[in-house]
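So you can see what is in the structure, the chains are spelled out below.
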Amino acid sequence: MPLRVRLVVVMDPIEAIKPAKDSTLAILLAAQARGWDLFYAEQKDLYLRDGVAFGRLAPLKVFEDPKAWFTRGGAEPGRLGDYDVILMRKDPPFDTEYIYSTYILDRAQIQGALVCNRPQGLRDMNEKVYTAWFPECCAPTLISRDMHDMSEFLREHGKAVCKPLDGMGGRSIFVLEQGDKNRNVVFETLTGYGTRYAIVQKYLPEIVTAGDCRIILVDGEPVPFALKRVPNEEDNRGNLAAGARADSRPLNDRDRWLCAQIGPKLKAAGMIFVGLDVIGEFVTEINVTSPTGIRELNKKHEVDIGGLLIKAIERTLSRA
């Protein structure tokens, strides 16, 4: 492992984050506490020149201060492959521009940097579709753009959750019951009248009492507590961004079984930091782009999830 690790973080504008809740900031604070040097870039700062991955990179310092959480120097071009670690923390939507960014990060990885999470995994593991690789862990699910098939799925299960494949933070999530006169317009809206795929899952009533629980996996191993997100009385969505209430709970035997099925495969694919969304006994999403929940769990249980991630990255670097 290098004597002094140089980390590039690719993220959304740091001045716009909510520092008390932002997981990326928690990771950066942990890296800085380990003596790492931090450099900042946004997606727009990445580029390729003659096959070489570059970024316009700014030296970064971070602080545990809700009013002044960072200072940033002037950005200068740098070869991404010359840095030790690149932390890809750009939030969805996972669109074509995001895919192009992963190509640049692929080149950076080939040229010497450790990219977390691995760019190929970011492309291959759509957070909703990738649940299909673990059907034994998931509730009944349909991914289709056929509106008739969606109607039949709703008829079969009586109540269903319908989502776009590229959303985040609870955006455009619908809960439908059989007989709901809005079902056709919901299917039309999500699929663009049958021109794009969407996901329909059996509704899991446990979300009302047990919440939508986020389990954090670090290098394939679960943090022992799950972030429990309970919808408010006027909403179906278990997303903090949509107004859900945050709580937590220890992992149970079913959680650990789910992690044992999924965690090793994610680790082998270079997905070092992942969030599993669990409702009741089933995984509903596998979040690989920029999982959140660090701040809430750190505060409630006096853990240091960012520190766990940094130590896992150090172990990976030492094996390189």
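Counting from 1, residues in each chain are numbered in the order their sequence is written. Confidence filtering applies because this is a predicted model: local features only for residues at pLDDT of at least 70, side-chain atom pairs given and counted only at 80 or more, and all residues used for totals across whole chains, interfaces and linings. Side-chain calculation: all heavy atoms of the structure are included, whereas hydrogens and water are not.

(A) Structural view of the overall build of the protein. A helix here means a DSSP run of H or I that spans at least four residues, while a strand means a run of E at least two residues long, and both kinds are numbered starting from the N terminus. Across its full length, the protein holds eight helices and 18 strands. Note on method: radius of gyration uses C-alpha positions; expected globular size equals 2.2 Å times residues raised to 0.38. Expected size for 320 residues packed as a compact globule is a radius of gyration near 20 Å; at 20 Å, the protein falls within 12% of this value. The principal-axis extent of the C-alpha atoms belonging to the protein is close to 60 × 45 × 40 Å. Classification of residues uses two cut-offs on accessible area relative to the type maximum, computed with a 1.4 Å probe and protein chains only: under 20% is buried, over 50% is exposed, and between them is partly exposed. For the protein, the residues scored as buried account for 51% of the 320 residues in total.

(B) Region of interest: the nonpolar core. Counting 40 residues, the largest nonpolar core has Ile 86, Leu 266, Leu 276 and Ile 286 as its most contacted members. Throughout, a contact is declared for two residues whenever any of their heavy atoms are within 4.5 Å. What Leu 276 contacts, discounting residues up to four positions off in sequence, is Cys 213, Arg 214, Ile 215, Leu 217, Cys 259, Ile 262, Glu 285 and Ile 286. Counting residues in each nonpolar core, the second largest holds 36 residues, with Val 9, Leu 25, Leu 29 and Ile 310 among its members. To define a nonpolar core, start from buried Ala, Val, Leu, Ile, Met, Phe, Trp, Tyr and Cys residues and group those joined through side-chain atoms within 4.5 Å.

(C) Representation of a positive patch on the surface. Together, Lys 18, Lys 21, Lys 299 and Lys 300 give the surface a local cluster of positive charge. As for its position among the elements, Lys 300 is in helix H7 (residues 294–301). Patches here are clusters of residues that have more than 30% relative accessible area and form no salt bridge, with a 9 Å joining cutoff for like charges and a 5 Å cutoff for nonpolar side chains (Val, Leu, Ile, Met, Phe, Trp, Tyr). Shrake-Rupley sampling with a 1.4 Å probe provides the accessible areas, and residues are treated as covered by the protein chains on show and by no other component. Every case where a carboxyl oxygen of Asp or Glu lies within 4 Å of a side-chain nitrogen of Lys or Arg is listed as a salt bridge. Here the positive residues are Lys and Arg and the negative ones are Asp and Glu; neither His nor the chain ends is included. The atom standing in for a charge is NZ when the residue is Lys, CZ when it is Arg, CG when it is Asp and CD when it is Glu.

(D) Main features of the pairing of strand S7 (residues 85–89). Burial within S7 is extensive, with five of its five residues counted as buried. Judged by which residues are buried, S7 turns out to be covered on both faces: Val 85, Leu 87 and Arg 89 on one side and Ile 86 and Met 88 on the other are all buried. Any two strands with at least two DSSP-identified bridges between them are counted as paired. Bridging between S7 and strand S8 (residues 114–116) involves three bridges; their strand directions are parallel. For Leu 87, the partnering residue across the bridge sits in S8 and is Cys 116. Crossovers are marked right-handed if the path from the first strand over the helix to the second runs clockwise, as seen with the strands pointing away from the viewer. Handedness of the crossover joining S7 and S8 through helix H2 (residues 96–110) is recorded here as right-handed.

(E) Seen up close, the packing of helix H4 (residues 147–157) against helix H5 (residues 183–191). Contact pair H4 / H5: the axes reach a minimum separation of 10 Å and the direction vectors enclose 130°. On the basis of their axis angle, the class for H4 and H5 is oblique. H4 and H5 meet at a crossing whose hand is right-handed. Two secondary-structure elements touch here, H4 through Met 147, Met 150, Ser 151 and Leu 154 and H5 through Arg 183, Asn 184, Phe 187, Glu 188 and Thr 191. Under the scheme applied, nonpolar residues are Ala, Val, Leu, Ile, Met, Phe, Trp, Tyr, Cys and Pro; charged residues are Asp, Glu, Lys and Arg; polar residues are all the others, including Gly. Looking at the contact of H4 with H5 residue by residue, the class counts come to four nonpolar, three polar and two charged. Lines are fitted to the C-alpha atoms to define the axes, a helix being fitted only along its stretch in contact, and any angle between axes, read from their N-to-C directions, falls within 0 to 180 degrees. We call two directions roughly parallel when the angle between them is under 35 degrees, roughly antiparallel when it is over 145, roughly perpendicular when it lies between 65 and 115, and oblique otherwise. Should the near helix be turned anticlockwise from the far one by less than a right angle, the crossing is left-handed, and should it be turned clockwise, the crossing is right-handed.

(F) Quick peek at empty space enclosed by the protein. Two kinds of site are reported from a 1 Å grid over the protein atoms alone, namely cavities, where a 1.4 Å probe fits but cannot get out, and pockets, open sets with protein on both sides within 12 Å along at least five of seven lines, and residues are called lining when an atom falls within 4 Å of a point. Grid points are joined across faces, edges and corners, and a volume is the space filled by probe spheres set on the points. Within the structure shown, the criterion is met by two cavities of 30 Å³ or more. The space that makes up the largest cavity amounts to roughly 90 Å³. If you trace the largest cavity, you find it lined by Pro 92, Phe 94, Leu 122, Met 125, Asn 126, Glu 127, Lys 128, Leu 165, Asp 166, Gly 167, Val 288 and Thr 289. Of the residues contributing to the lining of the largest cavity, the split by class is six nonpolar, three polar and three charged. Each pocket or cavity is described by its volume, and for the second largest cavity that value is around 40 Å³. Considering the residues around the second largest cavity, the lining is formed by Leu 87, Met 88, Arg 89, Cys 116, Asn 117, Ile 272, Phe 273, Thr 289 and Pro 291. When residues of the lining of the second largest cavity are assigned to their parent elements, the largest contribution, three residues, is made by S7. Classifying every residue of the lining of the second largest cavity gives six nonpolar, two polar and one charged.

(G) Structural context of the side chain of Asp 84. Of note, Asp 84 is situated in the loop between strand S6 (76–79) and S7. Buried charge Asp 84 goes without a salt bridge, the closest partner of opposite sign being Arg 6 at 4.8 Å. Polar side-chain contacts of Asp 84 include one of 2.7 Å to the backbone nitrogen of Arg 6. When residues no more than four places from it in sequence are discounted, the contact partners of Asp 84 are Pro 2, Arg 4, Val 5, Arg 6, Ala 113, Leu 114 and Leu 317. As used in this structure description, the phrase polar contact means that two N or O atoms lie within 3.5 Å; if the pair is within protein, one of them must be able to donate a hydrogen and the other to accept it, and residues adjacent in sequence are counted only when both atoms belong to side chains.

(H) Representation of the environment of Gly 263. Mapped onto the fold, Gly 263 is located in helix H6 (residues 253–268). Taking the relative accessible area as the measure of exposure, Gly 263 reaches 0% and is therefore buried. Sequence spacing of Gly 263 and Glu 156 is 107 residues, and the spatial spacing of their C-alpha atoms is 31 Å. Residues in contact with Gly 263, not counting those within four places in the same chain, are Leu 217 and Gly 220.

(I) Expanded view of the environment of Ala 160. Tracing the sequence through the fold places Ala 160 in strand S10 (residues 159–164). Classification of Ala 160 by relative accessible area gives buried; the value is 0%. When sequence neighbours within four positions are dropped, the list of residues in contact with Ala 160 reads Phe 153, Leu 154, Phe 174, Val 175, Leu 176, Val 200, Gln 201, Lys 202 and Tyr 203.

(J) Geometry of the sheet that holds strand S12 (residues 198–202). Taken together, the four strands give an open sheet; going across it, the order is S9-S12-S10-S11, and neighbouring strands pair in antiparallel fashion. The outermost strands of the open sheet, each flanked by one partner alone, are strand S9 (141–144) and strand S11 (174–177). Averaged over neighbouring strand pairs, the angle between their axes works out to 25° when direction is ignored. Inspection of the sheet shows S9 paired to S12 by four bridges, in the antiparallel sense. Among the inter-strand pairings, Thr 141 is bridged to a residue of S12, identified as Gln 201.

Don't take any of this as a statement about function, it's just geometry.
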